[in-house]
Each structure stands twice: as C-alpha cells, then as structure tokens.
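Okay, here's what each chain looks like letter by letter:
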Amino acid sequence: MSQPRTGTPGDVEEIHWPSLVAAVSSISAVGIAIGLGLPLLSIILEKRGISSTLIGLNTAMAGVAAMAAAPITTKLAHKYGVAPTMIWAVLISALSALGFYYAQDFWMWFPLRFAFHGATTTLFILSEFWINAASPPSKRGFVLGIYATVLSLGFAAGPLLFSILGSDGIFPFLIGAGAILLAAIPIFIARDESPVLEEKPELHFMRYVFLVPTATAAVFIFGAVEAGGLSLFPIFAVRAHFTESQAALLLTMMGVGNVIFQIPLGLLSDRIGDKRPLLAGMALMGFIGSMMLPLLLDNWLLMAGLLLFWGGCVSGLYTVGLSHLGSRLTGSDLAAANAAFVFCYAMGTVAGPQAIGAAIDVAGNNGFAWAIAAFFGLYALLSGIRLMFIRKRA
C-alpha cells in the first residue's frame, strides 16, 4: 500500500486535523478497553482466590509485552506502513481481549496478557508518532493535551462501564473487544494520510532511553503508578469496605481528573521552555496525594475529590514528558525516541504492579498507598537533585 508522505514531526506549521482525529479516536477506543479490562481482570482473579502478588505478576506481563513490542514497532512500520501495522494490532488485541473469558486456567492469562498489551503498545507508539506528525512544535503541548484528554475519557469510561456491567459473564469482554475493533475504522479511513517512516534512526534503540532522562524517568513512574493503581486499587478499595461499584466509580473520578487537567497542562507546557520543574512538581503532588489515601478511607466523597485532583496532576507526567521529548527531537529520531519512551513506560508497568502487590501482601492494605508514594517520592527527589546540578553547571 503506497502512502503519501505527510512530513516529519516538526515540519508542519498548522495542526493536521484529519490525521489527528484518526489517531486520537482510534487510541481512545483502546483506552476504553484497557480501562475496563484492568479492574475487570483483577476482580475476577481476586474472586478466584489468587493472591495480590500473583495478580500483580500477571498484570506485569503487560509491561514485558510492551518492552518486547517497543523496539520492533518502528521496524514493522518501516516495512509494512504505519496504518496497516496499526490495523493488525487492533485485530490481535481484540481477539486476545475476548480470549480472557474462555481461558479458565490462570497460566493461560499470561500469554493472553502478552498478546493484548504487545498489540496495544504498537497502537500507542504509532498513534503518538502520527499525532506528532500532525502538530506544529508551537502547539505540540496543546495537541498532546487533546490526545491525553480523549484517551483519559476512554480510561474513565472503562471503569464506569465496569461499574455498570460487573464482572460476571461474557458481556464485559464483548464490550471491550468491540471497542477495540471500532479503532480500525478511523485508521482505515485515514490510511493514506498516515506518516511514512523512510529514514532510519541515527542511534541504537537503547540510546534513546537515556537521551532525555527526565522524560523517560517520568513515564517510568507514571507507568508504575497507572498499571499498579488501576489493577490493584479495586482490591485496595474493596478491602477498605467499599463496594465493587464504589471502587469502580472512584477510578472513574480519577479518569475525570485526567480529562479536566490535560489540555491546561499541555498549554502550560507550551509556555514553559524548560519543562523539568513542572514534571518534578507533578511528582511531588503525586507523593502528597498518595500519602493522604489511607486517611480518607472512611469518606467516599473526600476520597473521590482527592482522586479527581490527584489523578489529573499525575497523568500530566505522561503528557508533559511526551511534550518534553517532542521539543528535543524530530523525524525518525522522534519516532525511535517515542518507542523508547513507551519502553520505559512498559518497564514501569512491570515494576509497579509487582511492587505494589507485594507491598499489600507484606504491609497490609495501606501498603498500596505507601508503595505508590515511594515511586513518586523517588522521582521528585532525583529530578530535584538533577535540576540543582544542571543549574549549578549553567
């Protein structure tokens, strides 16, 4: 399939809306499926008597799959094209999502997690590259804010659907698989406008991981907290005597916070030359919010209010980190660096569920909040030290 070149990221002067709509709408459908699937699968495993550590281990397969998919995604897009690669990823992820219902043995969920999250990783990498190709540098934060807002709507809709559908029967799995399949429609319609990867990246893949460390470390922390939080928060909430529906609605409130904050944070990042202090500040807010979670277990409304604000600030680590990455690189280097960015996010999704699940088993239910606080505190501390070192050098 021949595809006209739409230009490399940074070449365009105005937002290319048709490409933006195609990439954003497709990935938002995947967001719905992931937002529904993470709490759904965890609750089902909890009902089967699987320990928090093993649930965390199974969830961590998502990160293993993403780390495997990230280095080869750009190679597949070089060979087959961006749009065809994304359509194949849609089909694989939809089939594997439905497969969870039919897989009764726990060990079967490991290859299914690998297939599902490997395919969705490919969708995330290529959609974000497509979005960068459709946005001018001066408006990158704004465009990424739109992307994050729509994606957050998908993630918020997922737990809301879970609160309505529950965890029984095949229907929740059919809804998730159907949402993913819908993603193929806008990709197919805009297939001739997808960007073309012609030139090879200049550096080895792993070099891009360390090229912009503030961004890649931020997304590592975000990945750890998002994967561990989404998958294990329902367990934390249920053990704190909230109902399944109340726990799902709390996750939805976190998603609503993501929606409210993303465009303002994107616009703010466009006005700031050095985005590193903003990233450190959001990590500090994440630390404070995490430490407050055990104090609000007796009040659902206060917990919902905290998660509304906390979730919005925390999710900005991804948006502002991606904007920081885009401000430093262009073209195929940006595509490769974006793959490295998602690779670090995947590493976080491996570390997060495992560490948080183990913390619950070792320290009790409050170990959930303490483990998340440790992730945020470490990033805030290290990024603060790095900023002081850079300013002293300057």
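Rules behind the numbers
Residues numbered from 1 in each chain as written. Predicted model: local features only at pLDDT ≥ 70, side-chain atom pairs only at ≥ 80, totals over all residues. Heavy atoms only, no water. Helix = DSSP H or I, 4+ residues; strand = E, 2+ residues; numbered from the N terminus. Rg over C-alpha atoms; globule rule 2.2 N^0.38 Å. Buried < 20%, exposed > 50% of the residue type's maximum accessible area, 1.4 Å probe, protein only. Areas by Shrake-Rupley, 256 points an atom, 1.4 Å probe, with all protein chains shown as cover. Core = buried A, V, L, I, M, F, W, Y, C linked by side-chain atoms within 4.5 Å. Domains from an automatic or database assignment. Contact = heavy atoms within 4.5 Å. 1 Å grid on protein atoms, 1.4 Å probe; cavity = no way out; pocket = protein on both sides within 12 Å on 5 of 7 lines; lining within 4 Å. Points joined across faces, edges and corners; volume = space filled by probe spheres on them. Nonpolar A, V, L, I, M, F, W, Y, C, P; charged D, E, K, R; others polar. Axes fitted to C-alpha atoms, helices over the stretch in contact; angles between N-to-C directions. Parallel < 35°, antiparallel > 145°, perpendicular 65-115°, else oblique. Left-handed = near helix turned anticlockwise from the far one by under 90°. Patch = residues over 30% accessible without salt bridge, like charges linked within 9 Å, V, L, I, M, F, W, Y side chains within 5 Å. Salt bridge = Lys/Arg side-chain N within 4 Å of Asp/Glu carboxyl O. Polar contact = N/O pair within 3.5 Å; in protein donor to acceptor, adjacent residues only side chain to side chain. Buried area = accessible area lost by both parts, 1.4 Å probe. Expected span 1.5 Å × (residues − 1). Bend = angle between axes of the 7 residues up to and from the residue.

Visitor: I keep staring at the overall build of the protein and nothing clicks. Help me out?
Guide: A tally of regular secondary structure across the protein gives 14 helices and 0 strands. The secondary structure elements of the protein, listed N-terminal to C-terminal, are α-α-α-α-α-α-α-α-α-α-α-α-α-α. Since a compact globule built from 394 residues should have a radius of gyration of about 21 Å, the 20 Å found for the protein is in line with a globular shape. In the protein, which comprises 394 residues, the proportion classed as buried is 60%. As displayed, the protein has an accessible area near 15300 Å², and 70% of this comes from carbon and sulfur atoms.

Visitor: What is the right way to look at the nonpolar core in this model?
Guide: Note on soluble globular proteins: their nonpolar side chains tend to be buried together. Among the nonpolar cores identified, the biggest contains 114 residues, and W310, L317, F368 and F376 are the most heavily contacted of them. Tallying contributions element by element places helix α1 (residues 17-47) first for this core, with 16 residues. When residues are assigned to domains, this core turns out to be shared by domain 1 (15-195) and domain 2 (205-393), each giving three or more. Setting aside anything within four residues of it in sequence, one finds L317 in contact with A218, I221, F222, L279, M282, A283, F376 and Y379.

Visitor: I keep staring at empty space enclosed by the protein and nothing clicks. Help me out?
Guide: A probe matching the size of a water molecule, rolled over the atoms, marks out where space remains unfilled. Scanning the entire structure with this criterion turns up 2 cavities of 30 Å³ or more. When its volume is computed, the largest cavity comes out at roughly 640 Å³. Within the lining of the largest cavity, the residues separate by chemical class into 27 nonpolar, 12 polar and 1 charged. For the lining of the largest cavity, the two domains that each supply at least three residues are domain 1 (15-195) and domain 2 (205-393). The computed volume of the second largest cavity comes to approximately 160 Å³. As for the second largest cavity, its lining consists of 16 residues, of which A33, G37, L41, A97 and F116 are closest to the centre. Elements with a contribution of two residues or more to the lining of the second largest cavity: α1, α3 (82-102), α4 (109-133) and α6 (171-182).

Visitor: Would you mind showing me how to read the packing of helix α10 (residues 244-271) against helix α12 (residues 300-328) here?
Guide: Axis angle and axis distance: for two packed helices, these are the angle between their axes and the distance between the axes, and together they describe the pair. The N-to-C vectors of α10 and α12 enclose an angle of 40°; their axes lie 6 Å apart at closest approach. As the angle between them shows, α10 and α12 are arranged oblique. When you trace α10 past α12, the crossing you get is right-handed. Taken together, the residues of the contact of α10 with α12 sort by class into 17 nonpolar, 11 polar and no charged.

Visitor: What am I meant to see in the layout of surface pockets here?
Guide: As a volume, the largest pocket reaches approximately 260 Å³. Forming the boundary of the largest pocket are 16 residues, of which L76, I92, G118, A119 and T122 lie nearest the centre. Of all elements in the fold, only α2 (52-80), α3 and α4 reach the threshold of two or more residues within the lining of the largest pocket. Element by element, the count of residues in the lining of the largest pocket is highest for α2, at 6 residues.

Visitor: Whenever I open this one, a nonpolar patch on the surface confuses me. Can you help?
Guide: A cluster of nonpolar side chains, contributed by L284, M285, F287, I288, M291, M292, L295, F309 and W370, occupies part of the molecular surface with about 830 Å² of accessible area. When residues of the nonpolar patch are assigned to their parent elements, the largest contribution, 6 residues, is made by helix α11 (residues 276-292). With respect to the secondary-structure elements, L295 resides in the loop between α11 and α12.

Visitor: What exactly am I supposed to notice about the pattern of salt bridges here?
Guide: Between side chains of opposite charge, a pair can form as their charged atoms come close. Tallying each qualifying case throughout the model produces 2 salt bridges. Note that D168 is salt-bridged to K47, the shortest N-O span being 3.8 Å. With D168 in the loop between α5 (140-165) and α6 and K47 in helix α1, this pair connects stretches of sequence that are 121 residues apart. Residue K47 is classed as exposed on the basis of its relative accessible area of 51%.

Visitor: Quick question: what am I supposed to make of the side chain of T216 here?
Guide: As for its placement among the helices and strands, T216 is situated in helix α9 (residues 213-239). According to the relative accessible area criterion, T216 is buried, its value standing at 7%. At a separation of 3.3 Å, a polar atom in the side chain of T216 contacts the main-chain carbonyl oxygen of P213. Contact partners of T216, with chain neighbours within four places excluded, come to Y208, V209 and C344.

Visitor: Would you take a moment to explain the domain arrangement of the protein for this structure?
Guide: The accessible area lost on association of the parts is a frequent measure of interface size. Here the protein is partitioned into domain 1 (15-195) and domain 2 (205-393). Each of domain 1 and domain 2 has a C-alpha centre, and these two points are 19 Å apart. Contacts between domain 1 and domain 2 engage 45 residues on the former and 48 residues on the latter. Of all residues in domain 1, S52, M67 and E128 bury the most surface against domain 2, accounting for 13% of the area lost on that side. Viewed at the interface, domain 2 and domain 1 are joined by 1 salt bridge. Where R239 meets E46, a salt bridge forms, and the shortest distance between an N and an O atom there is 4.0 Å. One can count 3 residue pairs in polar contact (both at pLDDT 80 or more) joining domain 1 with domain 2. Listing elements by their share of the side of domain 1 that touches domain 2, those giving two or more residues are α1, α2, α4 and α5. Considering each element in turn, the side of domain 1 that touches domain 2 owes the most residues, 16 residues, to α5.

Visitor: Is there a simple way to explain α10 in this structure?
Guide: Helical geometry: 3.6 residues make up each α-helical turn, so side chains three or four residues apart lie on a common side. Look at α10: 41 Å from first C-alpha to last across 28 residues, which is about the 40 Å you get at 1.5 Å a residue. Where α10 bends most, at F261, the angle is about 35°, and the proline P264 comes one to four residues later.

Visitor: Would you explain unusual backbone geometry in this entry?
Guide: A negative phi holds for most residues other than glycine; trans holds for most peptide bonds. Of note in the backbone geometry, H241 takes a positive phi value of approximately 80° without being a glycine. Mapping H241 onto the fold places it in the loop between α9 and α10.

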